[in-house]
Amino acid sequence: MHEPTWKDHLHDRMPPDLAHEIDLFEGQMALMRQGKLDEKVFAETRLRRGVYGQRYDNGQRHDGLRTQTLDFPQDLVKGPNTLWDAPGMQRIKIPFGGLTPEQMEVLAQVADAYADGILHVTTRQDFQLHYVHIEDTPDLMRRLAAVGITTHEACGNVVRNVTACPLAGVCHTEAFDVTPYAHAMARFLLGHPDAQDFGRKFKVAFSGCAHTACGLVMMHDLGLLARTRPDPDGGPPRRGFAVYVGGGLGAVPEQAKLLSDFVPEEEILPLAQAIARVFARHGEKKNRNRARIKFLVAQLGIEAFRRLVEEERQVLPPDDRWTAYLEAVPGATEEPHRPPLLLDGDDRPDGFDAWYATNVYHQRQPGYCVATIHLPLGDLTARQMIALADLARRYAGGHVRTTVEQNIVFRWVAEADLPALYRDLKALGLGEPGAGTIVDITACPGTDTCKLGIASSRGLAGELITRLTARRATLPEPVRNLRIKVSGCFNSCGQHHVADIGFFGNSRKSGNYRVPYFQVVLGGQWQHNAGQYGMAIGSVPARLIPDVVDTLTTRYVEDHTPGESFQDWVKRLGKAGARELIRPFMITPVYEEQPAFFSDWGDPRVFTLGDLGVGECAGEVVSLFAMEISKAESELFEAQEALDRGDFARADARAYQAMLMAARALVRTEYLDVGEDPDRIVEAFRARFYDTERFFDPFARGKFARYLFSRHEHPPARVDEDAARRIVDEAQLFIEATHACEMRMSEEAARKAEEARRQAARNEPRREVLLPPGFAS
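From a predicted model like this one, the values you see are computed outputs, not experimental measurements.

Draft legend 1. View of the side chain of His120. Relative to the assigned elements, His120 resides in strand E8 (residues 118-121). A polar atom in the side chain of His120 sits 2.7 Å from the side chain of Asp379. Not counting chain neighbours up to four residues away, the residues in contact with His120 comprise Asp126, Phe127, Gln128, Leu377, Gly378, Asp379, Gln406, Ala443, Pro445 and Arg458.

Draft legend 2. Structural context of the packing of helix H19 (residues 624-645) against helix H20 (residues 648-667). Running from amino to carboxyl end, H19 crosses H20 at an angle of 170°, the nearest separation of the two axes being 8 Å. Viewed along their axes, H19 and H20 adopt a mutual orientation that is roughly antiparallel. Every residue of H20 that contacts H19 at Phe625, Glu628, Ile629, Lys631, Ala632, Glu635, Leu636, Glu638, Ala639, Ala642, Leu643 and Arg645 is listed here: Phe648, Arg650, Ala651, Arg654, Ala655, Gln657, Ala658, Met661, Ala662, Arg664, Ala665 and Leu666. In terms of residue class, the contact of H19 with H20 is built from 15 nonpolar, one polar and eight charged.

Draft legend 3. View of the packing of helix H2 (residues 16-33) against helix H3 (residues 39-47). Close contact between H2 and H3 brings their axes to 11 Å; oriented N to C, the two are set at 155°. When the axis of H2 is compared with that of H3, the two are roughly antiparallel. Handedness of the crossing formed by H2 with H3: left-handed. Contacts between H2 and H3 involve Phe25, Gln28, Met29 and Met32 on the former and, on the latter, Glu39, Phe42, Thr45 and Arg46. Counted by class, the contact of H2 with H3 contains four nonpolar, two polar and two charged residues.

Draft legend 4. Representation of the packing of aromatic side chains within the structure. The full count for this structure, using the stated rule, is 29 aromatic pairs. Taking the centre distance of 5.4 Å and the plane angle of 55° together, the rings of Tyr556 and Trp569 count as tilted. Of this pair, Tyr556 sits in helix H17 (residues 545-559) while Trp569 sits in helix H18 (residues 566-582); the two residues are 13 residues apart in sequence, bridging distant segments of the chain. Pair check on accessibility: Tyr556 and Trp569 agree, each one buried. Taken together, Phe685, Phe689, Tyr690, Phe695, Phe696, Phe709 and Phe734 form an aromatic cluster joined through their ring pairs.

Draft legend 5. Inspection of the side chain of Ser510 at higher detail. With respect to the helices, strands and loops of the structure, Ser510 is situated in strand E22 (residues 501-510). Residue Ser510 is classed as buried on the basis of its relative accessible area, which comes to 10%. In this structure Ser510 touches Val515, Thr588, Pro589, Val590 and Phe598, once residues within four positions along its chain are discounted.

Draft legend 6. Helix H6 (residues 179-189), seen in detail. Burial analysis of H6 places nine of its eleven residues in the buried class, the great majority of the element. Along H6, the residues that are buried comprise Thr179, Pro180, Tyr181, Ala182, Ala184, Met185, Ala186, Phe188 and Leu189. Where H6 ends, the next residue or the one after it, Gly191, has phi of about 70°, a positive value.

Draft legend 7. Structural context of the pairing of strand E16 (residues 368-373). Extensive coverage of E16 is indicated by the burial of six of its six residues. Residues Tyr368, Val370 and Thr372 of E16 are buried on one face, and the alternating residues Cys369, Ala371 and Ile373, pointing to the opposite face, are buried as well. Summarising the sheet, strand E15 (residues 360-362) and E16 pair through three bridges and their orientation is antiparallel. Among the inter-strand pairings, Tyr361 is bridged to a residue of E16, identified as Val370. Adjacent in sequence and paired antiparallel, E15 and E16 are bridged by five residues, among which Gly367 carries a positive phi angle near 90°. Relative to strand E19 (residues 408-414), E16 runs antiparallel, the two being bridged by five bridges. Across the sheet, the residue bridging to Ala371 is Phe410, located in E19.

Criteria and thresholds
- Sequence order sets the numbering: in each chain, residues are counted from 1 along the sequence as written.
- Reporting in this predicted model follows two pLDDT cut-offs: at least 70 for local features of residues, and 80 or more for side-chain atom pairs to be given and counted; totals over whole chains, interfaces and linings ignore these cut-offs and use all residues.
- Water and hydrogen atoms were dropped before computing side-chain values, which therefore reflect all heavy atoms in the structure.
- Only DSSP runs of H or I reaching four residues or more are called helices, and only runs of E reaching two or more are called strands; each is numbered from the N terminus.
- Pairs of N or O atoms within 3.5 Å make up the polar contacts considered here, provided that, within protein, one atom can donate a hydrogen while the other can accept it, and that residues adjacent in sequence are counted only when both atoms are side-chain atoms.
- Contacts are assigned to residue pairs that have any heavy atoms within 4.5 Å of one another.
- In this analysis an axis means a line fitted to C-alpha atoms, helices contributing only their contacting stretch, and an angle means the value between N-to-C directions, from 0 to 180 degrees.
- Should an angle lie under 35 degrees it is considered roughly parallel, over 145 roughly antiparallel, and from 65 to 115 roughly perpendicular; all remaining angles are considered oblique.
- Ten residues, namely Ala, Val, Leu, Ile, Met, Phe, Trp, Tyr, Cys and Pro, are considered nonpolar, four, namely Asp, Glu, Lys and Arg, are considered charged, and the remaining ones, Gly among them, are considered polar.
- It is the rotation of the near helix from the far one that decides the hand of a crossing: anticlockwise by less than a right angle makes it left-handed, clockwise makes it right-handed.
- In summary, the pairing rule links any two rings of Phe, Tyr or Trp, Trp by its six-membered ring, whose centres are within 6.5 Å, and it sorts them by plane angle into stacked for under 30 degrees, edge-to-face for over 60 and tilted for everything else.
- Between buried and exposed lies partly exposed: a residue is buried under 20% and exposed over 50% of the maximum accessible area for its type, with that area taken using a 1.4 Å probe on protein chains only.
- Whether two strands pair comes down to DSSP finding at least two bridges between them.

It is worth stressing that arrangement in space is one thing and function is another; only the former is reported here.
Below is the structure:
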């Protein structure tokens, strides 16, 4: 008798779809260990479960002088140049940042059990755990799934976490609460068949207000901004959204374009589906650097893109899920657990007033507040998280959200409870003031754990936080609420483009050494949903960045006119003027004279780029067929395991399902809308591949296809061992035949493409070539 596993323990507490996805992943891990799965396909597979690579997972680390080999077994990988036993990162999706105390406790437990005990809040309201072994990930996922959290599609070329304003529902200026819409969008797009064949990732955000930072819709692939319109029949105002597409940061930032100024609430899900289809069909697949939807929108122009989306919308098969959730929207409101008691003016513990001034937002519901728990660098320990869950129950009725500024907020806190909450937070080491101010610095993981990090974003952010916090009480008013954001490279995971003062890591060479530098980016706009991107003005050695911050803030205080924002002041200076301010710091140090410049913040090693790896930001571009057939193979693996256990009925069911999934994968190379109904799949497979003999093996002809037809048309009343073994073997042969068929089709398509290219070359008019005198033509 085996020891009960988490799978046994939680089997009746996990949503069936999430449990099945985790089983499939576990099967794919087993296939990878056996060498039966392509490493690129497996890499994309694990990324779509949020299992991400981490710095040094190629088994090498540069010690400042030379590259050292780390002591990991070298015979098994989990992706290209990524060792199986090297620790990695687990990203966990938190749609719209919404958390319950029970979820917080389980997050803390898995951080303690499988990671280094630290939970990191990301700039997209996710959590990340670091130093996780891949063998632990299925149980980690099951424990999360049992409380309604998934890691599914947290990474990879799919729809990422759907984000929303953490003040949604309690904000003074929102059109309406976007929470139920963000939740519905996240559930609708999760694993949606039309969102599985992108060239890159796809990010969605919701905002309730146009003029605040809110959900930052202008920097997202798809942004939805809440709006209302009068009802022509005199009823309540109609709810809808202004829809933006093609925004994004990264190395080449783009502001999103307005696709429609008002989309009724009942149309946002089908519209998102239509956009996903257009992106999958027309987006770049080969060149990853131009595969985000922003490049497609720029290439086509917004008018042509809009036309394609409208055409796609007209042919979508109806789906009840588009509007099913709307009935519950009016009742989807949070309820306070305490009466709205007002703050007692006499109860003000030491430090409370400073915390109250920056970390408390008064809700539109009188007597209630949102309290921000400021997390320096976005980190908290598992112990702190457990304690926060208890405080969330006591003070906030369990209403908690993460924020894109890497903090956590408690909502619905009665004003009278704020002093007690502050005391308890302070006892946990989480009572720091300064939320939303210049000391609340955002930073990506950078060289701490990211394979693409060039310079230490967290090291620099930590140093700036220390220096600015020490001067917090004396900082001039005009600079107190400026925002500083730091990225470890140009990819902008720290969102430096939308900060007043942003930095991203790069390097310069001095003699035989490399020096960590940061590019200075000024004038980005956090407000107006990330309404303006900053401009790069020059690179400065990392060690001089704190001096640059002092110079810029001091000069702004001295020079700005009354009411002039930091962005307007930067515009008035212009790029040349701003560059003049930092020019004294744009030096090239000499190692023998200034050796401190040659190591990064928080890292005593001599600086090197030797630790850079290949990014897994969105994985390899793997075909839709490769992804779907790998799931069929994992299903077959489950069938084989059931057969070994003597569970013959389950083996039969799994083997049949594996054949259906393989047939569907093949059909969807030509017909995306086949759906998941077995009758439709078999019918489409028969019409397209059997009747046309395209599936036929040169020797066996249509024999392997008939295995599927036979099982589909004659399900067994009873399955014994022989029958189960037979169908498992047949499913194996069917999947092999499916692979062979797809390969023949791909080769035929490539041959035709090459013929077309040669024909086009032959038809191209010959151009006259002018040669110098004396050269023969």
